[in-house]
Amino acid sequence: QFESIKALADDMAAGSVQVLFVVGGNPLYDAPAELKFREAMDRVALRIQLGLYKDETAEYCHWNIPASHDLESWGDARAFDGTASVIQPLIAPLYGGKSAL
């Protein structure tokens, strides 16, 4: 995992990334300090985050999309034995968030 986020940080620092779409997570807080992720993000023209919380990454992005909680969104899953199943919401949508799917 370190190699993939390092490759992303290197690409952003080189100016190769025009649009960064962060789906969940908080890389400005979680990324190793030696990657200088915040400085690399400065080189990205458009930064968008889909997340549940207004965290460090959300504060630094141009656009924020509110994510729906797992209990209020549809989905699908596959078990280890290959059985497919549908995930049904357990509660009504609270704030109109969007799921990653």
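Please refer to the structure placed before this passage.
Turning our attention to the side chain of Gln49. Counting through the fold element by element, Gln49 comes out in strand β2 (residues 46–51). On the basis of relative accessibility, which here comes to 2%, the residue Gln49 falls in the buried class. Setting aside residues no more than four positions away along its own chain, Gln49 makes contact with Val22, Gly25, Asp55, Thr57, Ala58, Cys61, Trp63, Asn64 and Ile65.

This part is about the packing of aromatic side chains. Scanning all chains against the criterion turns up zero aromatic pairs. Against the face of Tyr60 rests Arg38, its NZ or CZ located 4.2 Å from the ring centre.

Counting residues in hydrophobic clusters, the biggest one holds 14 residues, and the most contacted among them are Met12, Leu20, Leu28, Phe37, Met41 and Val44. Listing elements by their share of this core, those giving two or more residues are α1 (2–13), β1 (19–23) and α3 (37–41). Residue contributions to this core peak at three residues, all from α3. Residues contacting Leu20, with those up to four places away along its chain left out, are Leu8, Met12, Met41, Val44, Leu46, Arg47 and Ile48.

Now for the sheet that holds β1. If you trace the three strands from one edge of the open sheet to the other, you get β1-β2-β3, paired in parallel fashion. Each having just a single partner strand, β1 and β3 (63–66) make up the two edges of the open sheet. Sheet twist, expressed as the average angle between the axes of neighbouring strands with direction ignored, equals 15°.

Rules and cut-offs
Residues numbered from 1 in each chain as written. Predicted model: local features only at pLDDT ≥ 70, side-chain atom pairs only at ≥ 80, totals over all residues. Heavy atoms only, no water. Helix = DSSP H or I, 4+ residues; strand = E, 2+ residues; numbered from the N terminus. Buried < 20%, exposed > 50% of the residue type's maximum accessible area, 1.4 Å probe, protein only. Contact = heavy atoms within 4.5 Å. Phe/Tyr/Trp six-rings, centres within 6.5 Å; stacked < 30°, edge-to-face > 60°. Lys NZ or Arg CZ within 6 Å of the ring centre and 35° of its normal. Core = buried A, V, L, I, M, F, W, Y, C linked by side-chain atoms within 4.5 Å. Pairing = 2+ DSSP bridges. Axes fitted to C-alpha atoms, helices over the stretch in contact; angles between N-to-C directions.

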